[in-house]
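Spelled out from the first residue to the last, the chains are:
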Amino acid sequence: MESAEVESDILRRVRTLLRELDGHHPACQSDRGMLRWTLHKKIDQNPSNSSVLVRILVKELERAERGDFRHYIIPLLHTLMYTLIKAPSIPDELCSRVYDFCKKLLTLPKPFCTIGLDYAMRLKMERTAPGMLYQRMVISEQSLKSDPYPYQEKIFIFADPELLSEAICNALVTDTEAAQVSQSPQACMCYVVIHAMQAALGEGCDVSGLKRSLQDMPTSDIEHWFRQVVAAVECAGHEASADRGQHAARLEEIYHAILSTLQAGDASLGGLQGTPLPNPNISFHLWTEDDQLWKELVLFIRPLSQSCEPNCLSQDLDSFEIQDIISDCECCEQTRFSVLSTDSGIERDLPTAAEEPFAPCSAETEQSRLQRKGGIKKKLSPLESVAFLQAGCNGVGAKPPAKPQKRASVPPEPAAPLQRLHTARIVLLGDDRILGRLAQAYHSLRKRETRRVFLTPRLNLQFYYIPVVTGQPNTLTVADHAVTGQEELCEVAGYLGRADPWYESNINTLCHMIPKLATMPSSPSKHLVTDLFITDVIAYYVRMGVQPVCFQVYAVKIFFNDPAQEPAEDVFLTELRTQVQESNPHRELNTTKKKTTLDGPGIDLTVTYRKVVVSDRAKEIAMSLRSTGLVMKAIPADEAEDLGCLNVNITEIVRINNLSGRSSSAVANRLKTRSIKIRSTEQRPFIVCLDKDSRRAYRNVISVEVSPCLEPSYCLQKTRTMKFSLHETEDVGLVKYMPKSLLLPINTFAGIIQ
């Protein structure tokens, strides 16, 4: 195909991609959501066309900036940067144009200026040291050992087996396993070396000869040249006075040294050739345990194979002292078992055996005196042992534990600050119900980290969400209304799609595509690594989607009809729904006082809430009404609304007296609030369901209190501050600068476009 035809074909594909952003979907619905993927696959088949695509994308970006097409900018920029990372070589003139465009975005509001600054910084390094972005991506995603760039990443895909069908789970397991085929560390090191040489030397690089030379080398030699290339690229990228020519000259020396093993006359320049971008390290997990997320993250930081021996665990546990455990911090409190002591502390009240002449105590006597009776000793799992967590501190970026110092010695040096060398990218597959489980797990993780910090200073945690609906909802029926609509089950995905058109185009389209691909008949082409569509889209999402949308997590306290039953505390992310519980008929016969009230639909409630006003002043409102149920929505229907606000819809029953008798009608009562209390005045119970999940339904509820969930670390610091200033009500000191509310960040490509 001639160059003019190639450019015309690529331009047509780019324009079709932009029309889809405007809502003009392709005639063939099966192509929806695949336009970006097919565009990049076409370039992968002929990498020499990368410069053509970059040039077209730069022109379209400049046209979008001049006209009123701002919604094109971020999708075009992501497509351009992904092409630039994978391209074998891009002229510096093109990189300069992209760099200048990114600097122009700094004058625009968020998220344009944020993304523009991020890409401008990356492009500045890429222009000085070509191939750096590709090199860093491969090193971190494959966890290759490299001192100049010691970062590691891993993708964890979590799916709820009760929400997704077995066919979907099996298809995802097959895809993730196939994506790791032929991706040995040695092959990835060769990719880094070849790509760095091609990016710096351009068409003067003999790619075929370089591949043959590396294939014939032993593993130790490959690791040696890999370290040499990484050190050269990282050094050039960090030096302020580094020159592109000097960097190319340094790599050319390494290039000739590698090719020295080839026989004379074997060199043949065949033009630019593509270097595969290996699939990231992906693991698939069926979410069956509540603390499974925390366990997987701990194992990522500190694998069990690197932990200390079992006999060392008890010794380290005995010598380790947990400091700063605040017992009166409500959010960090754990269940404790106490034993009532009958010892008065007075010597004459001691048993007669204690009055005998003093004699050396035997081991049995001493043990019986000091034994604690009635306590429950919890057996910790290997992941929860202090020794295991301490062992995880001794990796790269952490200072080894110092030996115990004598009292008269010099105080030990302060420990070096920890670096976040690990990045865990958590991808959730499912509907709003799995996000409700994520909110629970994230809240539990933050509480655990507040009690004993381990993951926070070492791990960068990123959350991603891909909606998948199988058409078999497991929800609670409320007031003859079953939440069965797919839109109702994917409110978070709908909000993210409205806020970010590129998320809508690339990720929300997977909602129906993943179940469809999972049920496709098996074929030879289906299992080819190059055709793993789902894995490729997930990799693109986690690589380019780094702009978070933060959702408020809400805390709910539930009181039950039985006074002896302890109140339950939980959190939810999307929705709280109530319905009237069927009453006990024997109890209802005995309650004759309110017979007329009980005969009507619904129950009497008192609602106390803090009204949301424009001035943001607190305004308490209390009202009594009769209702058949209510729904609290935390996800707004419009992206312009406040995410930190609850939309409460109460179905109020209004009694009407007329000539034909007494009747009633249902009226929708809507209000906005951030905290609300609801109580049944008749002592008739109702049912509470959280996040549309029938597994999280509470029965025999008499009252609920809902408020924004506080960040556990804020609660801990607030408790410490209150100890020293009992009469201080406002936040003072460090508390003023700490995040107060617990927010769950979910990454998209653009965040929220204003």
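Starting from 1, residues in each chain are numbered consecutively following that chain's sequence as written. Confidence filtering applies because this is a predicted model: local features only for residues at pLDDT of at least 70, side-chain atom pairs given and counted only at 80 or more, and all residues used for totals across whole chains, interfaces and linings. Side-chain calculation: all heavy atoms of the structure are included, whereas hydrogens and water are not.

## A look at the overall build of the chain
Moving on, step 1. Along the backbone of the chain there are 25 helices and 17 strands.
Moving on, step 2. In the chain, of all internal contacts separated by at least 6 residues, the share reaching a separation of at least 24 is 77%.
Moving on, step 3. Residue-level accessible areas treat just the shown protein chains as cover; the underlying method is Shrake-Rupley with a 1.4 Å probe. Of the accessible surface of the chain, which amounts to about 39100 Å², a share of 51% is contributed by carbon and sulfur atoms. Secondary structure is summarised from DSSP: a helix means a run of H or I of at least four residues, a strand means a run of E of at least two, and numbering begins at the N terminus for each. Between two residues, a contact is recorded if the distance between any of their heavy atoms is within 4.5 Å.

## So, the pattern of salt bridges
Moving on, step 1. Whenever Lys or Arg places a side-chain nitrogen within 4 Å of a carboxyl oxygen from Asp or Glu, that contact is recorded as a salt bridge. Per the stated rule, a full pass over the model turns up 39 salt bridges.
Moving on, step 2. Notably, a salt bridge pairs Asp9 with Lys42, separated by 3.5 Å at the nearest N-O pair. Here Asp9, found in helix α1 (residues 3–21), pairs with Lys42, found in helix α2 (residues 35–45); they are 33 residues apart in sequence, far enough to count as distant.
Moving on, step 3. What emerges from the salt-bridge pattern is a single network uniting Asp432, Glu488, Glu491, Glu575, Arg577, Lys633 and Lys692.

## Considerations on unusual backbone geometry
Moving on, step 1. Backbone torsion omega between Lys110 and Pro111 reads 5 degrees, so that peptide bond is classified as cis.
Moving on, step 2. Mapped onto the elements, Pro111 comes out in the loop between α5 (92–104) and α6 (112–128).
Moving on, step 3. Residue Lys692 is not a glycine yet carries a positive backbone phi of 60 degrees.
Moving on, step 4. Think of it in three bands: with a 1.4 Å probe and only protein chains considered, a residue is buried below 20% of the maximum accessible area for its type, exposed above 50%, and partly exposed in between. The buried category is assigned to Lys692, whose relative accessible area is 3%.

## Notes on the packing of aromatic side chains
Moving on, step 1. Geometry of aromatic contacts follows a simple scheme: Phe, Tyr and Trp rings, the Trp one being its six-membered ring, pair when their centres are within 6.5 Å, and the pair is stacked under 30 degrees between planes, edge-to-face over 60, tilted otherwise. Applying the stated criterion across every chain, the model contains 14 aromatic pairs.
Moving on, step 2. A centroid spacing of 5.9 Å and a plane angle of 65 degrees characterise the contact between Tyr503 and Tyr541, whose relative ring orientation is edge-to-face. With a gap of 38 residues between them, Tyr503 in helix α20 (residues 501–506) and Tyr541 in helix α22 (residues 533–544) connect regions that are remote in the sequence.
Moving on, step 3. Assessed through its relative accessible area of 0%, Tyr541 is described here as buried.
Moving on, step 4. Geometrically, the ring pair formed by Phe560 and Tyr698 is tilted, given 6.4 Å between the ring centres and 45 degrees between the ring planes. Placement of the pair is Phe560 in strand β8 (residues 554–560) and Tyr698 in strand β16 (residues 697–708), with a sequence separation of 138 residues. The two residues Phe560 and Tyr698 agree in class, both being buried.
Moving on, step 5. An aromatic cluster is defined as three or more aromatic residues linked by ring pairs; in this entry it consists of Tyr82, Tyr464, Tyr503, Tyr540, Tyr541 and Phe749.
Moving on, step 6. Only when the NZ atom of a Lys or the CZ atom of an Arg is both within 6 Å of the ring centre and within 35 degrees of the ring normal do we say a charge sits over the ring. The ring of Trp287 has Arg437 sitting right over it, with the charged end atom 4.6 Å from the ring centre.

## Things to note about the confidence of the model for the chain
Moving on, step 1. Confidence along the chain averages 80 in pLDDT terms, with 72% of residues attaining 70 or more.
Moving on, step 2. Contacts for the low-pLDDT stretch residues 353–370, under 50 throughout, to residues beyond four places or in other chains number 3 contacts.
Moving on, step 3. Confidence drops under pLDDT 50 across residues 525–530; counting only partners more than four residues distant or on other chains, this segment forms 14 contacts. For every residue, the predictor states its confidence as a pLDDT score lying anywhere from 0 to 100.

## Comments concerning the sheet that holds strand β2 (residues 282–286)
Moving on, step 1. The rule for pairing is simple: two strands pair if DSSP sees at least two bridges between them. Strand order in this open sheet of 4 strands is β2-β1-β3-β4, and the pairing throughout is parallel. Looking at the sheet topology across the chains shown, the edges are occupied by β2 and β4 (459–467). Neighbour-to-neighbour, the strand axes of the sheet open up by a mean angle of 20 degrees, direction not taken into account.
Moving on, step 2. Pairing between strand β1 (residues 152–159) and strand β3 (residues 422–430): 8 bridges, direction parallel. From the neighbouring strand, Gln152 faces β3, where its bridge partner is His422. Every axis in this analysis is a line fitted to C-alpha atoms, fitted for helices over the stretch in contact. Angles between the N-to-C directions lie between 0 and 180 degrees.

## Some remarks on α1
Moving on, step 1. How far a helix is expected to stretch is found by multiplying one less than its residue total by 1.5 Å. Helix length check: α1, at 19 residues, gives a terminal C-alpha distance of 28 Å against a target of 27 Å (1.5 Å per residue), a fit within 8%.
Moving on, step 2. Among the residues making up α1, those that are buried are Val6, Asp9, Ile10, Val14, Leu17, Leu18, Glu20 and Leu21.
Moving on, step 3. Looking at the buried residues of α1, the elements they touch are α2, α3 (50–66), α4 (73–86) and α20.

## Some points on the packing of helix α11 (residues 219–238) against helix α12 (residues 244–259)
Moving on, step 1. Where α11 meets α12, the axes come as close as 10 Å, and the angle between the chain directions of the two elements is 175 degrees. Considered as vectors, α11 and α12 are oriented roughly antiparallel to each other. From α11, Trp225, Gln228, Val229, Ala232, Val233 and Ala236 reach across to α12, where they touch His247, Arg250, Leu251, Ile254, Ala257 and Ile258.
Moving on, step 2. Residues are sorted three ways: Asp, Glu, Lys and Arg are charged, Ala, Val, Leu, Ile, Met, Phe, Trp, Tyr, Cys and Pro are nonpolar, and all the rest, Gly among them, are polar. Residue composition of the contact of α11 with α12, grouped by class: 9 nonpolar, 2 polar and 1 charged. Relative orientations are named as follows: roughly parallel for angles under 35 degrees, roughly antiparallel for angles over 145 degrees, roughly perpendicular for angles from 65 to 115 degrees, and oblique for any other angle.

## Some remarks on the environment of Ser165
Moving on, step 1. With respect to the helices, strands and loops of the structure, Ser165 is situated in the loop between β1 and α8 (166–179).
Moving on, step 2. When the C-alpha positions of Ser165 and Ala518 are compared, they lie 9.6 Å apart, and in sequence the two are 353 residues distant.

## Regarding the packing of α6 against helix α7 (residues 132–142)
Moving on, step 1. Across the interface, α6 lies against α7 with an axial gap of 8 Å and an inter-helix angle of 110 degrees. On the basis of their axis angle, the class for α6 and α7 is roughly perpendicular. Here Arg122, Met125 and Glu126 of α6 lie close against α7, whose contacting residues are Met132, Leu133 and Arg136.
Moving on, step 2. Tallied by class, the residues present in the contact of α6 with α7 amount to 3 nonpolar, no polar and 3 charged.

## Notes on the side chain of Arg36
Moving on, step 1. For Arg36, the location among the structural elements is in helix α2.
Moving on, step 2. Among buried Asp, Glu, Lys and Arg side chains, Arg36 stands out as unpaired, with Asp536 the closest opposite charge at 7.4 Å. Only four residue types enter the tally: Lys and Arg on the positive side, Asp and Glu on the negative side, with His and both chain ends excluded.

## Concerning the nonpolar core
Moving on, step 1. Formed by 154 residues in total, the largest nonpolar core has its most connected members in Met197, Tyr465, Ile466 and Phe551.
Moving on, step 2. If sequence neighbours within four positions are ignored, Met197 has contacts with Gly202, Cys205, Leu210, Val229, Leu251, Ile254, Tyr255 and Ile258. To form a nonpolar core, buried Ala, Val, Leu, Ile, Met, Phe, Trp, Tyr and Cys residues must be joined to one another through side-chain atoms within 4.5 Å.

## Quick word on the pairing of β3
Moving on, step 1. With 9 of 9 residues buried, β3 is to be regarded as a mostly interior element.
Moving on, step 2. Side-chain alternation along β3 places His422, Ala424, Ile426, Leu428 and Gly430 on one buried face and Thr423, Arg425, Val427 and Leu429 on a second face that is also buried.
Moving on, step 3. Pairing analysis gives 9 bridges linking β3 to β4, with the strands arranged parallel. The partner of Gly430 across the bridge, within β4, is Pro467.
Moving on, step 4. A right-handed crossover is one whose linking path, passing over the helix from the first strand to the second, runs clockwise when the strands point away from the viewer. Read from β3 through helix α17 (residues 432–451) to β4, the crossover connection turns out right-handed.

## Points about the environment of Arg451
Moving on, step 1. On the secondary structure map, Arg451 appears in helix α17.
Moving on, step 2. Separated by 262 residues in the primary sequence, Arg451 and Ser713 place their C-alpha atoms 8.8 Å from one another.

## Considerations on α4
Moving on, step 1. When the terminal C-alpha atoms of α4 are compared, their 20 Å separation across 14 residues agrees well with the 20 Å that a helix rising 1.5 Å per residue should span.
Moving on, step 2. The element α4 is extensively covered by neighbouring structure, given that 14 of its 14 residues are classed as buried.

## Regarding the environment of Met137
Moving on, step 1. Structurally, Met137 is set in helix α7.
Moving on, step 2. Judged by relative accessible area, which is 11%, Met137 ranks as buried.

## Details of the side chain of Thr450
Moving on, step 1. Structurally, the position occupied by Thr450 is in helix α17.
Moving on, step 2. According to the relative accessible area criterion, Thr450 is buried, its value standing at 12%.
Moving on, step 3. A distance of 3.4 Å separates the side chain of Thr450 from the backbone nitrogen of Ser713, its partner in a polar contact. Whenever two N or O atoms come within 3.5 Å, that pair is a polar contact, provided that in protein one can donate a hydrogen and the other can accept it, and provided that, for residues adjacent in sequence, both atoms are side-chain atoms.

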